[in-house]
Amino acid sequence: MYVLLVYDADKKRAAKMLKLCRQYLNWIQNSVFEGELSETKLIELKHKIDDIIHDDTDSVIIFTNKMNYNMNKEILGNERMSTDNFL
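Below or above, wherever it landed, is the structure these notes cover.

Conventions we followed
- Residues numbered from 1 in each chain as written.
- Predicted model: local features only at pLDDT ≥ 70, side-chain atom pairs only at ≥ 80, totals over all residues.
- Heavy atoms only, no water.
- Pairing = 2+ DSSP bridges.
- Helix = DSSP H or I, 4+ residues; strand = E, 2+ residues; numbered from the N terminus.
- Axes fitted to C-alpha atoms, helices over the stretch in contact; angles between N-to-C directions.
- Phe/Tyr/Trp six-rings, centres within 6.5 Å; stacked < 30°, edge-to-face > 60°.
- Buried < 20%, exposed > 50% of the residue type's maximum accessible area, 1.4 Å probe, protein only.

## Side note on the sheet that holds strand β2 (residues 26-29)
- Reading across the sheet, the four strands line up as β2-β3-β1-β4 and stay open at both edges, with antiparallel pairing between neighbours. The two strands at the open ends of the sheet, each matched to only one other strand, are β2 and β4 (59-65). Adjacent strand axes in the sheet meet at a mean angle of 25° when their direction is disregarded.
- Taken together, the three bridges between β2 and strand β3 (residues 32-36) define a ladder with antiparallel strand orientation. Paired with N26 across the two strands is E34, which belongs to β3.

## With respect to the packing of aromatic side chains
- Tallied over the entire structure, the rule returns one aromatic pair.
- An angle of 15° between the planes, with centres 6.0 Å apart, marks the rings of Y7 and F33 as stacked. With Y7 in strand β1 (residues 2-8) and F33 in strand β3, this pair connects stretches of sequence that are 26 residues apart. Considered together, Y7 and F33 belong to a single accessibility category, that of buried residues.

Right, dumping it as structure tokens:
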């Protein structure tokens, strides 16, 4: 399944979130990640995120695409990392 994850975490936890998300997904922009994950890996990632974030100050948004239809991606400006193999 295709996953797009964005987060806004306090600076005390931002480095931990970056490190965790890079283990599962491709870092495409500050606090933005994308990639392919199985249902199991996504559940695992969510549990690890819950261990890091504080619900009252941090937020994580996860978009998923289970239907495997194509999404168009247009990049304006500098691309942090090429992820053409995912879209």
